[in-house]
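Listed here are the chains, written in short residue letters.
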Amino acid sequence: GSSEKLQIKIEKRKDIMTKNEIIISLQKGINPYEEYYIEDKVMEAMLEYPNPFELVAPILEIIESNPDIDFGTPGDLVHFVEKFYKKGYEELLLKSVRKNPTMHNIWMLHRCYIDEDNPLHSKFALLIKEIKEDESVSNKIKKVIEEFSW
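As a starting point, this report considers the structure included with it. Owing to the predicted nature of the structure, the values given are computational and were not obtained by experimental measurement.

**Considerations on the pattern of salt bridges**
Taken as a whole and assessed by the stated rule, the structure comprises six salt bridges. Among the salt bridges present, the one from Glu133 reaches Lys129, with a minimum N-O distance of 3.0 Å. A residue pair is termed a helical-turn pair when its members lie 3 or 4 positions apart in one helix, as Glu133 and Lys129 do in helix 8 (residues 121-133) at four residues. Lys132 serves as the salt-bridge partner of Glu146, at 3.7 Å between the closest nitrogen and oxygen. Taken together, the residues span a long stretch of sequence, with Glu146 in helix 9 (residues 139-146) and Lys132 in helix 8 at a distance of 14 residues. Overall, Glu146 belongs to the exposed group, its relative accessible area being 53%.

Structural data, given as structure tokens:
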């Protein structure tokens, strides 16, 4: 009867990873000198997560906190966050790049910038100008910026 159905729902629920479990698993994928890797079960959990936009900021934080990791071109994390393009992703990306510009997140910002119809187009350009003029930003990052046309 109805108690059997309830039992099945509870058992299914156990398989769904929490936001925290997903983020911890994503952090475990970071290995210096190796390309970043996400286990299939973690990617499935990300795609099945009830409010996946909640994962965007923590993913951007992982990218900004690990400037020397090869996340791919663009890699699974970028493909995931770009699902929220024009749905709040760019605002979070701007914050992330402002906090800690890296080779990868500048490239991600440029991917948004090349869309001239993006309402934040001028904000992307302004942030890049600020980073280029900021003396605390490394020459390595400034060279990355110079590789793109802004």
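**Digging into the packing of helix 6 (residues 89-99) against helix 7 (residues 103-113)**
Remark: helix 6 packs on helix 7, axes separated minimally by 10 Å, with the N-to-C direction vectors making an angle of 145 degrees. Handedness of the crossing formed by helix 6 with helix 7: left-handed. Packed against helix 6, whose contacting residues are Tyr89, Glu90, Leu93, Leu94, Ser96 and Val97, the element helix 7 presents Asn105, Ile106, Met108, Leu109 and Cys112 at the interface. Among the residues forming the contact of helix 6 with helix 7, the class breakdown is eight nonpolar, two polar and one charged.

**Brief notes about the packing of helix 4 (residues 56-65) against helix 7**
With their axes 7 Å apart at the nearest point, helix 4 and helix 7 run at an angle of 130 degrees to one another. If you check the angle between helix 4 and helix 7, you find them oblique. Residue-level contacts link Leu60, Ile63 and Glu64 of helix 4 to His104, Asn105 and Met108 of helix 7. For the contact of helix 4 with helix 7, a count of residues per class yields three nonpolar, two polar and one charged.

**A word on unusual backbone geometry**
A cis amide bond links Thr73 to the next residue, Pro74, at an omega of 0 degrees. With respect to the secondary-structure elements, Pro74 resides in the loop between helix 4 and helix 5 (76-81). A positive phi angle, near 70 degrees, is found at Tyr33, a position not held by glycine. With respect to the helices and strands, the residue Tyr33 is situated in the loop between helix 2 (19-28) and helix 3 (40-48). The exposure class assigned to Tyr33 is exposed, which follows from its relative accessible area of 87%. Positive phi is not limited to glycine here, since Lys86 has a value of about 60 degrees. Looking at the secondary structure, you find Lys86 in the loop between helix 5 and helix 6. Given the relative accessible area of 46%, Lys86 is considered partly exposed.

**Re the packing of aromatic side chains**
Two measures describe an aromatic ring pair: the distance that separates the ring centres and the angle between the ring planes. Tallied over the entire structure, the rule returns five aromatic pairs. Centre to centre, the rings of Tyr36 and Phe71 are 5.1 Å apart; their planes meet at 45 degrees, and the pair counts as tilted. Here Phe71 lies in the loop between helix 4 and helix 5 and Tyr36 lies in the loop between helix 2 and helix 3, a separation of 35 residues in the sequence. Phe71 shares its class with Tyr36; the two are buried.

Cut-off values and rules
Residues numbered from 1 in each chain as written. Predicted model: local features only at pLDDT ≥ 70, side-chain atom pairs only at ≥ 80, totals over all residues. Heavy atoms only, no water. Salt bridge = Lys/Arg side-chain N within 4 Å of Asp/Glu carboxyl O. Helix = DSSP H or I, 4+ residues; strand = E, 2+ residues; numbered from the N terminus. Buried < 20%, exposed > 50% of the residue type's maximum accessible area, 1.4 Å probe, protein only. Axes fitted to C-alpha atoms, helices over the stretch in contact; angles between N-to-C directions. Left-handed = near helix turned anticlockwise from the far one by under 90°. Contact = heavy atoms within 4.5 Å. Nonpolar A, V, L, I, M, F, W, Y, C, P; charged D, E, K, R; others polar. Parallel < 35°, antiparallel > 145°, perpendicular 65-115°, else oblique. Phe/Tyr/Trp six-rings, centres within 6.5 Å; stacked < 30°, edge-to-face > 60°.

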